[in-house]
Structures are given as C-alpha cells and as structure tokens.
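Coordinate analysis (summary)
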Amino acid sequence: MHSPLAVIHPDARIGNDVFVGPFVVIEKDVVIEDNTHIFPHAVILDGARIGKRCKIFPGAVIAGIPQDLKFKGETTTAEIGEDTTIRECATVNRGTAAKGRTTVGNNCLVMAYSHIAHDCVVKNHVIIGNASQIAGEVEIDDYAIISGGSLVHQFTRISKHVMIQGGSRIGKDIPPYTLIGRDPIVYCGINIVGLRRRGFTNEQVYLIQDIYRTLYTRGLNNTDAIKCIEVEYEPSVERDLILNFIKSSNRGIVRGSIDE
C-alpha cells in the first residue's frame, strides 16, 4: 500500500507488499525490498538500499548527504539489511569516496534520534540506543549494544558481544565480549549476561574472563600481555578473536579500571 499523500519518484524500485505512509518522500535512486514498512514522514533519499521486512519510523532519514567536507557529490549508498528497525528521527548518512557506502546489517535496532555517519560498518544484531551519535568510518561488530546517549569517535572499532554503558564517550577500540562503563570509560568486566543469552558455555565464559584478567590485572603492558595469552591459552575462537582484535587496533584499546 502506497499512500496517495506520499511523494515517490517513479524510478524508485519498491518491492512487493511495501507499506508507504502519508507524507513519506522517496527519491529516484532508491531500492526498497519486500514487506518493508515506511511510516509517515520518513525521508528516503538517493542512494538508499533497504532490505526486506524493515521498519523505518516517522522522521527517520536514510541516505542523507555525508556531513564531511571531503564529500564532492560522488555516487554512494546507505544500505540497510533485512529485519532492521530504524526508529523516530534517526539518521543514516550515505558513504563518501573513502568506502563508497554506509552499511547497517540484519536484525539491528537503531533507536530514536541516533545518527550513523558516512562509511560506517554496522554488522548484524546490533542495538544503538536513543540519541547515540556514531561518527564516520566507525566499525561495530555483531551483537554489540551501545546504550543511549553514547558518543563514538570516528574510526573507532567496537567488537562482538560488547555492552557499553549509556552516556559513554568512546575514543578507543572496544575488544570483544567486554562490559564498558564509567567516565572516562574503562573495562568493567565481561558481558556475562549477553554471553549467557547467546548460548556461551561456562567453559567459554571462564576462558574469556581469564584472558581479560591477564590483559588487565597482571600489570602487563599490551605487548607483554599478548605474549602471555599466546603462550598460556590454547588456540580457540574466543582467544583468537581477542588477540587478533588487539593486534589490529590502530587507536589502542580501552584501558582497565584503576580499581583493579
């Protein structure tokens, strides 16, 4: 169903059973796949690619021009995966020449008034809380939760299964499985509740805890901690994800708590 009060460019490609509410604007270079619901007053601009069964709530803007002075009008996209919800007045800008696209994966929830800037890569099952602001070229991996009112500096990387406290200012890379909070932010433990919900076994949880004790509580610098972890723990998915993330961090990882 397309409301007669919506403004839809005739060249926009809209799939089957897409609901388009009144006062929606859909521009020319747009693809919206089957069974997606576009609520009243949403704005879908050139370069938007929206997957199946998404919900785009009132006031949301998809594929706005990047807020980046290097942008020169190049053709880029903002791509939303399947079963993702973009709540009221959230914005997802399209890419620049740097990557060519901004991506939000499948089964994500982007809450009201949040912003995802140019060239971000947001993977699957990510939750971005109300009014969080994600700067350009940030990478957020699967199952990360960024609570409301958080600010994420450009080029920051947030790994899998992370839980970040509301109101956080994130300027360092956040390694996998961690619980991050306080001001300024520090490592506060591992995200046990999230891991349990996703089926991690006791053995996996204990291993992750032990690895982070080595990293954060033995008084080692990161280089020495990495060497210890490589020697003291057998290769595993969990160990290798943590090690590879730390080794590949250009910004450096969040520090440990001074209370530890």
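Everything in this summary refers to the structure shown in the same document.

Let us now look at the packing of aromatic side chains. Counted under the stated rule, the structure contains 5 aromatic pairs. An angle of 75° between the planes, with centres 5.8 Å apart, marks the rings of Tyr177 and Phe200 as edge-to-face. With a gap of 23 residues between them, Tyr177 in the loop between β25 (169–170) and β26 (178–181) and Phe200 in the loop between α1 (192–197) and α2 (202–216) connect regions that are remote in the sequence. Both residues of the pair, Tyr177 and Phe200, belong to the buried class. Measuring from centroid to centroid gives 6.1 Å for Tyr212 and Tyr216, while their planes differ by 15°, and the two rings are stacked. Within this pair, Tyr212 and its partner Tyr216 are both found in helix α2, separated by 4 residues, close to a single helical turn. Given the relative accessible area of 0%, Tyr212 is considered buried. For Tyr216, a relative accessible area of 14% gives the class buried. Put simply, the rings of Tyr187, Tyr212 and Tyr216 touch in pairs and so form one group of aromatic residues. Here Arg87 stacks its cationic end above the ring of Phe57, 4.0 Å away from the centre of that ring. The ring of Phe245 is capped by Arg157, whose NZ or CZ atom sits 4.2 Å from the centre of that ring.

Parameters and conventions
- Residues numbered from 1 in each chain as written.
- Predicted model: local features only at pLDDT ≥ 70, side-chain atom pairs only at ≥ 80, totals over all residues.
- Heavy atoms only, no water.
- Phe/Tyr/Trp six-rings, centres within 6.5 Å; stacked < 30°, edge-to-face > 60°.
- Helix = DSSP H or I, 4+ residues; strand = E, 2+ residues; numbered from the N terminus.
- Buried < 20%, exposed > 50% of the residue type's maximum accessible area, 1.4 Å probe, protein only.
- Lys NZ or Arg CZ within 6 Å of the ring centre and 35° of its normal.

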